[in-house]
Amino acid sequence: MVQGKLNEQAKGVFIIAATPFTDEGALDLYSIDSLTDFYLGCGVHGFTLLGMMGEAHKLTAEESLTVVTRVIARAQGRQVIVGASHAGLENVRRLAHEAMVAGAAGVMVAPPQGLKGDDGVYNYYAQVFKELGPDIPVVYQDYPQTTGVYLAPSVFERLVDDFKQLVMLKHEDAPGLAKLTRVREGEKKPGRRRVSILVGNGGLYYPQEMQRGADGAMTGFAWPEMLVQVYDLFAAGKSSEAEDLFDLYLPLVRHEQQPSIGLALRKEVLFRRGAIRSPKQRVPGSSLTATDRAELDSLTARLERRLAAAGRPSRIAAE
């Protein structure tokens, strides 16, 4: 995918990038570069920065822009989406415009916690679109497990109909397969746009979501090459082969989804694979126990064995 503004045809794997820090908690510029190169080596089609798993809330405004400009400069033309969610609309507007000036393809906005009712959701995004203007493509981040805000398919349809800058749904409701189907069915109505849908939740429901009409994944699973290969197989009409490949990684997909230590596990894997120099999170953050690390050792070794048995070359370490 080439640089340019995000649109409804976006597809593939937009990796939710981790934010690397040093052991002392400083932003690690060297590891931002090496992690970007690692993701490119895994074949990702685009990047999503400053997401909820990217510790965006721990960054200063200056640091956020540093991450954005550095990745865009190194992304080899891949589109970059920037998370611009914030409790204050002025902060959303400012970061969104700064990101677009820096070369971002679009921005992602989640509803603020505590938003109530269908009208509350619609009216909030109407304000967002007014503040951002018609020229900034927007991704609706639907992650009610964190925000506590439920997006009804009918409300999303109203937003799509009324605001052309809404070009993508980041679908992370769980269980959410029925919602995905409802949105795709609704797009068949005369005059309604079909928007891009990329799915998250660590890829936990990835094959079924692809079968129901998703256009790819937007998540941060620490083996991004699996996400890319599964997408490629579905795109080639090889859904059974895609599910077989996904099944090899499923124990680690599931393991990484633990609410309390999921990010710690993800960063530990990226550290072990040589993508970042330290697995540290900026405080406050979670950490792994000796037992956690031993479990990860066992699961990783099992993955290597299963990949070898399936005749697939192991890429546990970054190349």
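Above this text sits the structure in question.
Worth saying up front: this structure is predicted, and the values here are computed from it rather than measured. (Residues numbered from 1 in each chain as written. Predicted model: local features only at pLDDT ≥ 70, side-chain atom pairs only at ≥ 80, totals over all residues. Heavy atoms only, no water.)

Asks: Quick question: what am I supposed to make of helix H7 (residues 177-186) here?
Replies: Residues spaced three or four apart along an α-helix point in a common direction, a consequence of the helix completing one turn every 3.6 residues. Residues of H7 that are buried: Lys-179, Leu-180, Val-183, Arg-184 and Gly-186. Considered in projection along H7, the buried side chains sweep an arc of 165° and stay on one side of the axis. Looking at the buried side of H7, the elements it contacts are strand S5 (138-142), helix H6 (153-162), strand S6 (166-171), strand S7 (196-199) and helix H8 (206-211). (Buried < 20%, exposed > 50% of the residue type's maximum accessible area, 1.4 Å probe, protein only. Helix = DSSP H or I, 4+ residues; strand = E, 2+ residues; numbered from the N terminus. Arc of directions from axis to C-beta. Contact = heavy atoms within 4.5 Å.)

Asks: Could you clarify how one ought to interpret the environment of Glu-24 in this entry?
Replies: Its location among the elements puts Glu-24 in the loop between strand S1 (12-16) and helix H1 (29-41). Considering only alpha carbons, one finds Glu-24 and Arg-282, 258 residues apart in sequence, at a separation of 8.4 Å.

Asks: Could you clarify how one ought to interpret the packing of aromatic side chains in this entry?
Replies: What characterises a pair of aromatic rings is the spacing of the ring centres plus the angle enclosed by the ring planes. Scanning the model with the defined rule gives 10 aromatic pairs in all. Between Tyr-125 and Phe-129, the aromatic rings sit 6.2 Å apart at their centres with planes inclined by 45°, giving tilted as the arrangement. With Tyr-125 and Phe-129 both in helix H4 (residues 117-132) and 4 residues apart, the pair spans about one turn of that helix. Since its relative accessible area comes to 0%, Tyr-125 is described here as buried. (Phe/Tyr/Trp six-rings, centres within 6.5 Å; stacked < 30°, edge-to-face > 60°.)

Asks: Teacher, can you tell me more about the side chain of Asp-292 here?
Replies: On the secondary structure map, Asp-292 appears in helix H12 (residues 290-309). We note that Asp-292 is buried and unpaired, the nearest opposite charge coming from Arg-293 at a distance of 6.9 Å. Non-local contacts of Asp-292, meaning those with residues more than four positions away in its chain, are made with Ile-261 and Ser-287. (Lys, Arg positive; Asp, Glu negative; His and termini not counted. Salt bridge = Lys/Arg side-chain N within 4 Å of Asp/Glu carboxyl O.)

Asks: What's the story with the environment of Tyr-205 in this structure? I'm lost.
Replies: Examined against the element boundaries, Tyr-205 turns out to sit in the loop between S7 and H8. Residue classification places Tyr-205 among the partly exposed positions, given a relative accessible area of 32%.

Asks: What is the right way to read the packing of helix H3 (residues 89-102) against H4 from this model?
Replies: Each pair of packed helices can be described by the angle between their axes along with the distance between the axes. For the pair H3 and H4, interaxial distance at closest approach is 9 Å and the crossing angle is 45°. With respect to H4, the element H3 is oriented oblique. Here H3 runs over H4; the crossing is right-handed. Across the interface between the two elements, Leu-89, Val-92, Arg-93, Ala-96 and His-97 from H3 touch Tyr-124, Gln-127, Val-128, Glu-131 and Leu-132 from H4. Here the residues of the contact of H3 with H4 sort into 6 nonpolar, 2 polar and 2 charged. (Axes fitted to C-alpha atoms, helices over the stretch in contact; angles between N-to-C directions. Parallel < 35°, antiparallel > 145°, perpendicular 65-115°, else oblique. Left-handed = near helix turned anticlockwise from the far one by under 90°. Nonpolar A, V, L, I, M, F, W, Y, C, P; charged D, E, K, R; others polar.)

Asks: I'm lost on the nonpolar core in this one. Help?
Replies: Note on soluble globular proteins: their nonpolar side chains tend to be buried together. Of all hydrophobic cores here, the largest spans 91 residues; its most connected members are Tyr-39, Phe-47, Tyr-206 and Tyr-249. Each residue touching Tyr-206, except ones within four places of it in the same chain, is listed here: Val-13, Val-199, Gly-216, Ala-217, Leu-227, Val-230, Tyr-231 and Phe-246. In this structure, Leu-6, Ile-16, Ile-81 and Met-108 belong to the second largest nonpolar core, which totals 12 residues. (Core = buried A, V, L, I, M, F, W, Y, C linked by side-chain atoms within 4.5 Å.)

Asks: Even after reading the chapter, I still don't get the pattern of salt bridges, so can you show me in this structure?
Replies: Close approach of charged atoms allows side chains with opposite charge to pair. By the definition in use, this model includes 25 salt bridges. Residues Arg-74 and Asp-37 are paired through a salt bridge, measuring 2.9 Å at the closest nitrogen-oxygen approach. Within this pair, whereas Arg-74 is found in helix H2 (residues 61-74), its partner Asp-37 is found in helix H1, the two being separated by 37 residues in sequence. Under the relative-accessibility criterion, Arg-74 is labelled partly exposed at 33%. Lys-58 is paired through a salt bridge with Glu-55; the nearest N and O atoms lie 3.0 Å apart. Across this residue pair, the class does not change: Lys-58 and Glu-55 are buried. Where salt bridges share partners, they join Asp-33, Asp-37, Arg-70 and Arg-74 into one cluster.

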